[in-house]
Amino acid sequence: MSLISEMLSYPFLVRALTGGILVSLCAALLGVSLVLKRYSMIGDGLSHVSFGALSVAIAFGWSPLQVSIPVVVIAAFFLLRITENGKIKSDAAIAVISASALALGITVTALTTGMTTDVSSYMFGSILAMSREDVILAAVLSVVVLFLFIFFYHKVFAVTFDESFARATGVRVSWYHILFAVLTAVTIVLGMRMMGAMLISSLIIFPALTAMRLFKSFRGVIIAAGAVSVICFCLGMVISYRISTPAGASVVLVNLAVFLICTAVQAIRGR
Amino acid sequence: MKQPLITCSGAGFGYENFDVVTDVTMEILPGDYIGVVGENGAGKSTFIKGLLGLLKPTSGTIHVADELKKTGIGYLPQQTAAQKDFPATVWEVVLSGTLSRTGYRPFYSRKEKELAELNMERLGITDLRKKCYRDLSGGQKQRVLIARALCATEQLLILDEPITGLDPSAAQEFYQVVRKLNREEGVAILMVSHDIQNMVRQADRILHLKQKVLFCGSVEEYRKSPLGKQFLGGGEE
Ligand SMILES: Nc1ncnc2c1ncn2[C@@H]1O[C@H](COP(=O)(O)OP(=O)(O)OP(=O)(O)O)[C@@H](O)[C@H]1O
Ligand SMILES: [Mg+2]
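Reading guide: rules and limits
Residues numbered from 1 in each chain as written. Chains lettered and ligands numbered in written order. Predicted model: local features only at pLDDT ≥ 70, side-chain atom pairs only at ≥ 80, totals over all residues. Heavy atoms only, no water. Helix = DSSP H or I, 4+ residues; strand = E, 2+ residues; numbered from the N terminus. Rg over C-alpha atoms; globule rule 2.2 N^0.38 Å. Buried < 20%, exposed > 50% of the residue type's maximum accessible area, 1.4 Å probe, protein only. Contact = heavy atoms within 4.5 Å. Lys, Arg positive; Asp, Glu negative; His and termini not counted. Charge placed at Lys NZ, Arg CZ, Asp CG, Glu CD. pLDDT = per-residue confidence, 0-100. Expected span 1.5 Å × (residues − 1). Buried area = accessible area lost by both parts, 1.4 Å probe. Salt bridge = Lys/Arg side-chain N within 4 Å of Asp/Glu carboxyl O. Polar contact = N/O pair within 3.5 Å; in protein donor to acceptor, adjacent residues only side chain to side chain. Nonpolar A, V, L, I, M, F, W, Y, C, P; charged D, E, K, R; others polar. Near = heavy atom within 4 Å. Areas by Shrake-Rupley, 256 points an atom, 1.4 Å probe, with all protein chains shown as cover. Domains from an automatic or database assignment.

Caption draft 1: Structural view of the overall build of chain A. From N to C terminus, chain A includes 13 helices and zero strands. Relative to the compact-globule value of 18 Å for 271 residues, chain A shows a C-alpha radius of gyration of 18 Å, a close match. Taken along the three principal axes of its C-alpha coordinates, chain A extends 50 × 45 × 30 Å. A burial count over chain A gives 54% of its 271 residues as buried. The long-range share in chain A, meaning contacts at least 24 apart out of those at least 6 apart in sequence, stands at 77%. Charge separation in chain A, taken as the distance between the mean sites of 17 positive and 9 negative side-chain charges, equals 11 Å.

So, in structure tokens, the structure goes:
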């Protein structure tokens, strides 16, 4: 307990914790839908695009969020499009885009500012990254995501489960795609600076996978994913503070541990 | 005169840069029971996706009545996009069929839940209610999806090979349920099936597709036409 109150006495840690909890909640909720629709690679692709955009923004002295959010939103549309069409090999397309964005980011950085701590912290995350502005944006984001999942829960379910049927019954499916693309993009941009471009996509994928081990109903999976994500994040932060490991990596490792435990539990339950 | 629910005039549908079906002219009236037949790859599923607005017509026009746009169409896909490992209970899946009735209301009302119960009973899946969709057998999954489609519509039900994977008695039961919906509740039915013998027994009209419309008319005419005779084989008459 004293450990936690000690942690809460640092304003930057309070910011990191609130921002992080909100972002991990959003990532988990959106993640369930993305994973079930086989879009989980998109998270990975977007984080790299986000990294590229951020490095370019820093190199030219632009505001990081104002540049990367629009760029990543556009990339999200684009990636959803190619995945939907199913014509081009979408996993290959995502790999090409994310590698190109990464390469662009690195090159621009090397030519201008050089590899500053800023850039490397985007790669692997930094606990200091959450500014007041970020926390406010994270709060707005999570309000929107929670609103979506509470008031449009059944439509989200229908679109995730069977798009053609949802469309036939009159749900505006493309609307949900746009919404998901924007929300995912914002989640990733916000989360990657703390978690790191290399690690943020795990925040989207792990909780969904863990929850799917535990529950058989969609509602159960959604709620469990949110809970697992927030708990793992907090645990990871405490561990990171205690033994001074990088925050992002600690959170991912806690997620992995929980996932493995749940897999074992499922195996023992005999299914 | 009854307004048609869907009118196709000279409509063509296809993917990317090739047309699969062309020049389809037909209409679906309220209370119709249309059987769509044709060989594999004839473009039946493609035509249906076109009717549902999942594919844009590459030529011609397709007009959907406004009332139908509001209530939506009950649809049973031939292959579901729904994945094998999707975590959802049977209840959640069936209930999602009533979605178009909720409008902007975020929760299902008692009426919608009762409708879902009723349709589960009709298909004999009430005791699967709490089961996970991914743990069902192929035939059970099919019944769940049929129940969901029945929840969706008051006007038009479009079924793409609905009896695939059902055992014979379930198939007969299914035909009876559809028949009853059509007769007593006036739901228009458009059904794709390779079970041609049952199709001519059940449906009122036949649409025979093969890249274009080979036949569109009443069952009696179809039985008499050379095409129908050939497709039905000597066995029946
Ligand atoms: N998503 C798709 N993209 C491109 N071509 C497709 C696609 N789906 C079907 N086709 C092509 O369209 C043609 C007609 O397919 P369709 O599924 O409409 O046939 P069908 O009449 O439903 O056959 P079946 O009786 O086997 O269900 C086929 O040649 C098929 O290769
Ligand atoms: Mg077909």
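Caption draft 2: Just the confidence of the model for chain B, in detail. Mean pLDDT over chain B stands at 84; residues scoring 70 or higher make up 95%. In the predicted assembly, ipTM is 0.82 and pTM is 0.85.

Caption draft 3: Molecular detail of helix 12 (residues 218-243) of chain A. An ideal rise of 1.5 Å per residue puts 38 Å on 26 residues; helix 12 of chain A measures up with 37 Å between its terminal C-alpha atoms. One or two positions beyond helix 12 of chain A, positive phi appears at A:S244, with a value near 45°.

Caption draft 4: Broad picture of the interface of chain B and chain A. With 36 residues of chain B in contact, the opposing surface of chain A contributes 28 residues. Buried area between chain B and chain A, summed over both chains or domains, comes out near 2,900 Å², and the portion from carbon and sulfur atoms is 63%. Summed over the three residues of chain B that lose the most area to chain A, namely B:F86, B:P87 and B:L99, the buried surface amounts to 20% of that side. The tally of links between chain B and chain A comes to two salt bridges. For B:R148, the salt bridge is made with A:D162, and the minimal N-O distance between the two is 2.8 Å. Between the two partners, chain B and chain A, sit eight residue pairs in polar contact (both at pLDDT 80 or more). Of all the secondary-structure elements, those providing two or more residues to the side of chain B that touches chain A are helix 3 (90-95), helix 4 (99-102) and helix 6 (138-152) of chain B. Counted by class, the side of chain B that touches chain A contains 21 nonpolar, nine polar and six charged residues.

Caption draft 5: The arrangement of the site of ligand 1 in detail. Residues and elements named next belong to chain B. With respect to spatial proximity, 14 residues lie near ligand 1, and among them G41, K44, S45, T46 and H194 are the closest. In the model, an oxygen atom of ligand 1 is placed 3.2 Å from a nitrogen or oxygen of the A42 main chain. T46 places a side-chain nitrogen or oxygen 2.5 Å from an oxygen atom of ligand 1. Considered on its own, ligand 1 offers 640 Å² of accessible surface; in the complex 65% of this is hidden by protein. When residues of the shell around ligand 1 are traced back to their parent elements, those giving at least two are strand 2 (18-28) and helix 1 (44-52).

Caption draft 6: Quick look at the pattern of salt bridges. All names here are of chain A. Applying the stated criterion to the full structure yields ten salt bridges over all chains. E163 serves as the salt-bridge partner of R167, at 3.6 Å between the closest nitrogen and oxygen. Of this pair, R167 and E163 both sit in helix 9 (residues 163-168), four residues apart, which is roughly one turn of that helix. Using a relative accessible area of 31% as the deciding quantity, one classes R167 as partly exposed. Each of K37, E163 and R167 takes part in one network of salt bridges that share partners.

Caption draft 7: Quick look at the environment of B:I6. Residue and element names in this part refer to chain B. Residue position: I6 is located in strand 1 (residues 6-15). According to the relative accessible area criterion, I6 is buried, its value standing at 0%. Sequence separation between I6 and G217 is 211 residues; the distance between their C-alpha atoms is 16 Å. If near-sequence neighbours (up to four positions away) are discounted, I6 is found in contact with M26, E27, I28, L51, I62, H63, V64, L68, I73 and L156.

Caption draft 8: Region of interest: the domain arrangement of chain B. All names here are of chain B. Partitioning chain B into structural domains gives domain 1 (1-73 + 155-237) and domain 2 (79-152). One C-alpha centre belongs to domain 1, the other to domain 2; they are set 24 Å apart. Around 980 Å² of area is buried between domain 1 and domain 2 when both sides are counted, 61% of it from carbon and sulfur atoms. At the junction of domain 1 with domain 2, the criterion picks out two salt bridges. Notably, a salt bridge pairs R122 with E185, separated by 3.4 Å at the nearest N-O pair. Taken together, the connections running from domain 1 to domain 2 amount to three residue pairs in polar contact (both at pLDDT 80 or more). Ranked by residues supplied to the side of domain 1 that touches domain 2, first place goes to helix 7 (residues 168-184) with four residues. By residue class, the composition of the side of domain 1 that touches domain 2 is nine nonpolar, three polar and three charged.

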